Amino acid sequence: MAHDHNVNPNAPLEYQSETGRLNITGFWTFLGAEIALFSTLFASYFALQARVGDGPTSNEMFEAGLVMIMTMLLLTSSFTCGIAIHEMRANNKTGVIIWMIITLILGAGFIGYELYEFVHYVHEGVTLSTSAHWSMFFILLGTHGLHVSIGIGWIILLLIQLARRGLTPKTASKVFISSLYWHFLDVVWIFIFTCVYLMGMVN
Amino acid sequence: MDLKWNEFIITGDPLILGAQISILLGSIAVVAALTYFKKWTWLWKEWLTSVDHKKLGIMYILSALLMLFRGGIDGLMIRTQLAKPGMEFLDPQHYNEVFSTHGVIMILFMAMPFLIGLINYVVPLQIGARDVAFPYLNNLSFWTFFVGMALFNISFIIGGSPDAGWTAYTPLATNEFSPGPGQNYYLLAIQIAGIGTLMTGINFFVTILKMRTKGMTLMKMSMFTWTTLITMLIIIFAFPVLTVALALQTFDRLFGSVIFTLQGDGNPMLWVNLFWVWGHPEVYIVILPAFGIFSEIISTFARKQLFAYKAMVVSIVTISVLSFLVWVHHFFTMGNSAEANSFFSITTMAISIPTGVKIFNWLFTMYRGRITFTTPMLWALAFIPNFVIGGVTGVMLAMAAADYQYHNTYFLVSHFHYVLISGTVFACFAGLIYWYPKMFGHKLNEKIGKWAFWIFIIGFNVCFFPQYFLGLDGMPRRISTYTEADGWTGLNFISTIGAFMMGLAFLIFVVNIVYSWRFSPREKTGDAWGLGRNLEWATSSSIPPHYNFAVLPEVTGLDPYWDMKEKGLDQQKNVDYKPIHMPNNAATPIIMSVIMGAAAFGLVFHWYWIGIIGGIGIFITMIARSFDYNDGYYVSVEEIKETEAKANK
């Protein structure tokens, strides 16, 4: 960080400091690695999709209604997250905090339903050990769910910092990066929704 | 997991007992020395919590040398056991453990940190930067690597080493066939170190893209910087695959999933595929920086600009793409269709084209150059023919039909030792010797260095060349012994002699470090060899000040420092200094990494409560980091003036 003096006052707040710019580039790079990570999980899931052993297949277990609610919650949260960044560009701290809190509530709702789904499956006797298919199902969705949960915890920390310190180049770049993360998880969910749930229910 | 104490601490083997006693005595000696000389604060402030890329680089290299010793001892034990038929030096179980740890340590805890150490030290200097993009992350990368390494290394004294090979193929590596903690060590230690490598990848990728000094466009970067950039890109896309593969096997072993198992309709071959989707790019992760190092050294000591720079860049980029398209050649015998094998056979052979381009570039760089035969240059020269032997046998292995003959024989063992030792290990030695004056302010003794070089080169060929013939004679890899009737006795014995010659050369290398520290003349300028071409030699003093450059250099073309010397410019002299912003030390990375190691240690033995407490601890340190708004400090103009005045004397 031998570069903090290099400030560009005309850019959006999160891009003004050199550190902010580097952190944003670094995070985009990290998202590249995350794409590789989720691609590997998806590839493994596809490789094992037909391997259900003595256990049930996915269309015996999946419920379209529940998944639709989860999808709506997460997609809406991505939208509200976008509004929060819009408010940040308008330099409205309260707006950022309010819209981020709405985002987090929607995210928490998503996680709640996902936990309900997992618990429900376990009650039906479908667990991590049922078959290779279900092992990968739980690990793929669990990885996504863990990401969302960590995102919720992370953004809460950032909101505390935002409330204390106000919108500065540093807090702004942090909030902006967390929003990139949030949108990314939304994109991953779209693939899970399509490739795991829809394709699983068609077969 | 219920363990008796004598299953927890490994007992009953005289070799391991000896190691336990020497580790204990060594640790006591280090602690005693640090206390006696009152060096604890110095160690903590100057090294362990430092975010200076140069110090982190040196710590990486020291760890790598330590691991070269450990992995080398493993190698010597393998060769001793195989020296004659029916040897009883190691029992089969112990032999399995030794070749597994030899592979893991040499690739992940020796080659990787050695190169990352050199990259850490040199690349920020070569791009004319004062530090990396994320200095805090750099320290965290080092500590996660170090803790992963430590965790892996204690396995042989506590609980038992992994014994399923460095590739840990399932179903062999599942609970059914590899019970006990050994394989858990493998999974968790590599996982922790792998996260560190991924962070290094992101860090240096952004550093090179965003922090180059004024005038240095991409096509004006040094070749080592180019290879680093591409290596980091490969890391970013390959290491997450390893993360997932390790996590899946960890779930199988610890939490009862059935992904790679024979029960529950699992598919063991999925592991093999995932492992090599990471594993083959990994080969290029350890060879591309080596190519970069050789390019620097050859062009320096031939006093010529690198021949066909653009072709070199194109071939590196081509290799990085192809590296992701060849993984199936590691298991042609798995039973793929002929079409699949043919595809991967062709992509594999295609890699030899850009690699061949590089070989010619190096040869033409030397053509009509005025070559100085320094030790680093000797290593670079030896690399070319030896690497070609490794590469040509690689093309032989790439032919899928023929591979049915060579697969899992000593032919393969010899092939990858030829490419990895003459590529990566020679480059590590060459690079260390070449940049040694930059790191420590004095050169390594050339005479002793040449002794080490010749003994190593001869020993290397004596050790591995016969193994090609052993392989063609049908000797499979990973067997712990053989009989007289197999007819492999003579070549195996010769091979063992070569291995001990390499061991001797390593000892001479270490002696050289100590000897040169005492007796080598101290360097007076930043350009120790007098032939430096890139910006790492443009610093005002032999060891760069902690801020690297008092004034950031400006660049107009390739080989910028050579250019400055020709024009008689010294950009560091007689200028107006401005205060320099630098990052502060960080204590959280080491704390976080140690907690990570403790949590993983608990999981190795299925002590889940330790894992949970550790997980909470990791989150607490992350929260502490999030609330840390420390922005670093400014180096005052007075301090810069004082430092530079001392340097210019």
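Only a predicted model underlies this, so the values are computations on that prediction, with no experimental measurement involved. (Residues numbered from 1 in each chain as written. Chains lettered and ligands numbered in written order. Predicted model: local features only at pLDDT ≥ 70, side-chain atom pairs only at ≥ 80, totals over all residues. Heavy atoms only, no water.)

**Details of the overall build of chain A**
Here comes step 1: A count of helices and strands for chain A gives six helices and zero strands.
Here comes step 2: Its helices and strands in sequence order give chain A the pattern α-α-α-α-α-α, from N to C terminus.
Here comes step 3: Structurally, chain A occupies a C-alpha span of about 65 × 30 × 25 Å along its principal axes.
Here comes step 4: Counting every position in chain A, which comprises 203 residues, the buried fraction comes to 58%.
Here comes step 5: Of the contacts formed within chain A by residues at least 6 apart in sequence, a portion of 78% connects residues at least 24 apart.
Here comes step 6: By element, 67% of the accessible surface of chain A is carried by carbon and sulfur atoms, the whole surface being about 8,300 Å².
Here comes step 7: Here chain A contributes 8 positively and 12 negatively charged side chains, and the mean placements of these two sets differ by 20 Å. (Helix = DSSP H or I, 4+ residues; strand = E, 2+ residues; numbered from the N terminus. Buried < 20%, exposed > 50% of the residue type's maximum accessible area, 1.4 Å probe, protein only. Contact = heavy atoms within 4.5 Å. Areas by Shrake-Rupley, 256 points an atom, 1.4 Å probe, with all protein chains shown as cover. Lys, Arg positive; Asp, Glu negative; His and termini not counted. Charge placed at Lys NZ, Arg CZ, Asp CG, Glu CD.)

**Some details on a nonpolar patch on the surface**
Residues and elements named next belong to chain A.
Here comes step 1: Taken together, the side chains of Met 68, Met 72, Leu 75, Val 187, Ile 190 and Phe 191 make up a nonpolar region of the molecular surface, amounting to roughly 520 Å² of accessible area.
Here comes step 2: Those elements giving two or more residues to the nonpolar patch turn out to be helix H3 (64-89) and helix H6 (169-202).
Here comes step 3: Position of Val 187 relative to the elements: it lies in helix H6.
Here comes step 4: Exposure remark for Val 187: the relative accessible area of 43% places this residue in the partly exposed category. (Patch = residues over 30% accessible without salt bridge, like charges linked within 9 Å, V, L, I, M, F, W, Y side chains within 5 Å. Salt bridge = Lys/Arg side-chain N within 4 Å of Asp/Glu carboxyl O.)

**Things to note about the pattern of salt bridges**
Residue and element names in this part refer to chain B.
Here comes step 1: If you walk through the whole model with that rule in mind, you get twelve salt bridges over all chains.
Here comes step 2: The residue Asp 52 makes a salt bridge to Lys 54 at a minimum N-O spacing of 3.2 Å.
Here comes step 3: Two residues, Asp 559 and Arg 533, come together in a salt bridge whose shortest N-O distance is 2.7 Å. Residue Asp 559 is found in the loop between helix H16 (489-519) and helix H17 (560-567), and its partner Arg 533 is found in the loop between H16 and H17; the two are separated by 26 residues along the sequence.
Here comes step 4: Residue classification places Asp 559 among the buried positions, given a relative accessible area of 9%.

**Quick word on the interface of chain B and chain A**
Here comes step 1: Chain B puts 42 residues into the contact, and the matching count from chain A is 41 residues.
Here comes step 2: Summed over both sides, the interface between chain B and chain A buries roughly 3,500 Å², with carbon and sulfur atoms accounting for 69% of that surface.
Here comes step 3: Together, Asp265(B), Phe627(B) and Tyr629(B) form the three largest contributors to the area buried by chain B at its contact with chain A, with a combined 19%.
Here comes step 4: The interface formed by chain B and chain A holds two salt bridges in total.
Here comes step 5: Asp631(B) is the partner of Lys170(A) in a salt bridge, and the nearest nitrogen-oxygen pair spans 3.1 Å.
Here comes step 6: Between chain B and chain A we count ten residue pairs in polar contact (both at pLDDT 80 or more) in total.
Here comes step 7: For the side of chain B that touches chain A, the per-class residue count stands at 28 nonpolar, nine polar and five charged. (Buried area = accessible area lost by both parts, 1.4 Å probe. Polar contact = N/O pair within 3.5 Å; in protein donor to acceptor, adjacent residues only side chain to side chain. Nonpolar A, V, L, I, M, F, W, Y, C, P; charged D, E, K, R; others polar.)

**Some points on helix H14 (residues 410-440) of chain B**
Residues and elements named next belong to chain B.
Here comes step 1: In the structure, H14 departs most strongly from a straight axis at Tyr 434, where the bend amounts to approximately 45 degrees and where the proline Pro 437 lies between one and four residues downstream.
Here comes step 2: Most of H14 sits inside the fold, with 28 of its 31 residues counted as buried.
Here comes step 3: In this structure Thr 409 caps H14, since a side-chain oxygen of it lies 3.1 Å from the backbone nitrogen of Phe 411. (Bend = angle between axes of the 7 residues up to and from the residue.)

**Considering the nonpolar core**
Here comes step 1: Counting residues in hydrophobic clusters, the biggest one holds 257 residues, and the most contacted among them are Phe137(A), Trp189(A), Val196(A), Phe109(B), Tyr186(B), Phe426(B) and Phe456(B).
Here comes step 2: With 19 residues, helix H9 (residues 268-301) of chain B is the largest single contributor of residues to this core.
Here comes step 3: Residues contacting Val196(A), with those up to four places away along its chain left out, are Phe42(A), Tyr45(A), Phe62(A), Phe137(A), Leu140(A), Leu141(A) and Phe191(A).
Here comes step 4: If you look at the next biggest cluster of nonpolar residues, it comprises 13 residues, including Met77(B), Val98(B), Tyr410(B) and Trp488(B). (Core = buried A, V, L, I, M, F, W, Y, C linked by side-chain atoms within 4.5 Å.)

**Observations concerning the UniProt feature "domain: Cytochrome oxidase subunit I profile" (unreviewed entry) in chain B**
Here comes step 1: In this structure's numbering, the residues bearing the UniProt feature "domain: Cytochrome oxidase subunit I profile" (unreviewed entry) are residues 36-556 of chain B.
Here comes step 2: Taken end to end, residues 36-556 of chain B has its terminal C-alpha atoms 52 Å apart, with 68% of it in helix and 0% in strand. (UniProt positions renumbered as here; feature names shortened; annotations may be inferred.)

**Overview of the packing of H3(A) against helix H4 (residues 93-123) of chain A**
All names here are of chain A.
Here comes step 1: In the contact formed by H3 and H4, the axes pass within 8 Å of each other and the chain directions differ by 165 degrees. Classified by the angle between their axes, H3 and H4 sit roughly antiparallel to one another. In this structure, H3 meets H4 at a crossing whose hand is left-handed.
Here comes step 2: For the contact of H3 with H4, the class distribution of residues is 17 nonpolar, seven polar and three charged. (Axes fitted to C-alpha atoms, helices over the stretch in contact; angles between N-to-C directions. Parallel < 35°, antiparallel > 145°, perpendicular 65-115°, else oblique. Left-handed = near helix turned anticlockwise from the far one by under 90°.)

**Let's talk about the confidence of the model for chain B**
Here comes step 1: Taken over all residues, the pLDDT of chain B has a mean of 94, while the share at 70 or more is 98%.
Here comes step 2: For this predicted complex, the interface score ipTM comes out at 0.95, alongside a pTM of 0.96. (pLDDT = per-residue confidence, 0-100.)

**What to know about the packing of aromatic side chains**
Here comes step 1: Considering all chains together, one arrives at 84 aromatic pairs over all chains under this definition.
Here comes step 2: Ring centres of Tyr121(A) and Phe138(A) lie 6.5 Å apart, and the angle between their planes is 75 degrees; this geometry places the pair in the edge-to-face category. Here Tyr121(A) is found in helix H4, whereas its partner Phe138(A) is found in helix H5 (residues 132-165), with 17 residues between them in sequence.
Here comes step 3: Relative accessible area serves as the criterion here: at 1%, Tyr121(A) is assigned to the buried category.
Here comes step 4: By relative accessible area, which is 9% here, Phe138(A) ends up buried.
Here comes step 5: Ring geometry for Phe294(B) and Phe383(B): centres 3.9 Å apart, planes at 15 degrees, overall stacked. Taken as a pair, Phe294(B) in helix H9 and Phe383(B) in helix H12 (residues 375-398) lie far apart in primary sequence, 89 residues in all. (Phe/Tyr/Trp six-rings, centres within 6.5 Å; stacked < 30°, edge-to-face > 60°.)

**Quick word on the UniProt feature "transmembrane region" (unreviewed entry) in chain A**
All names here are of chain A.
Here comes step 1: Here, the residues flagged by UniProt with the feature "transmembrane region" (unreviewed entry) are residues 27-46, 66-85, 97-116, 136-160 and 180-200.
Here comes step 2: Between the first and last C-alpha atoms of residues 97-116 the distance is 28 Å; the span itself is 100% helix and 0% strand.
Here comes step 3: Annotation note: span residues 180-200, helix share 100%, strand share 0%, distance between end C-alpha atoms 29 Å.

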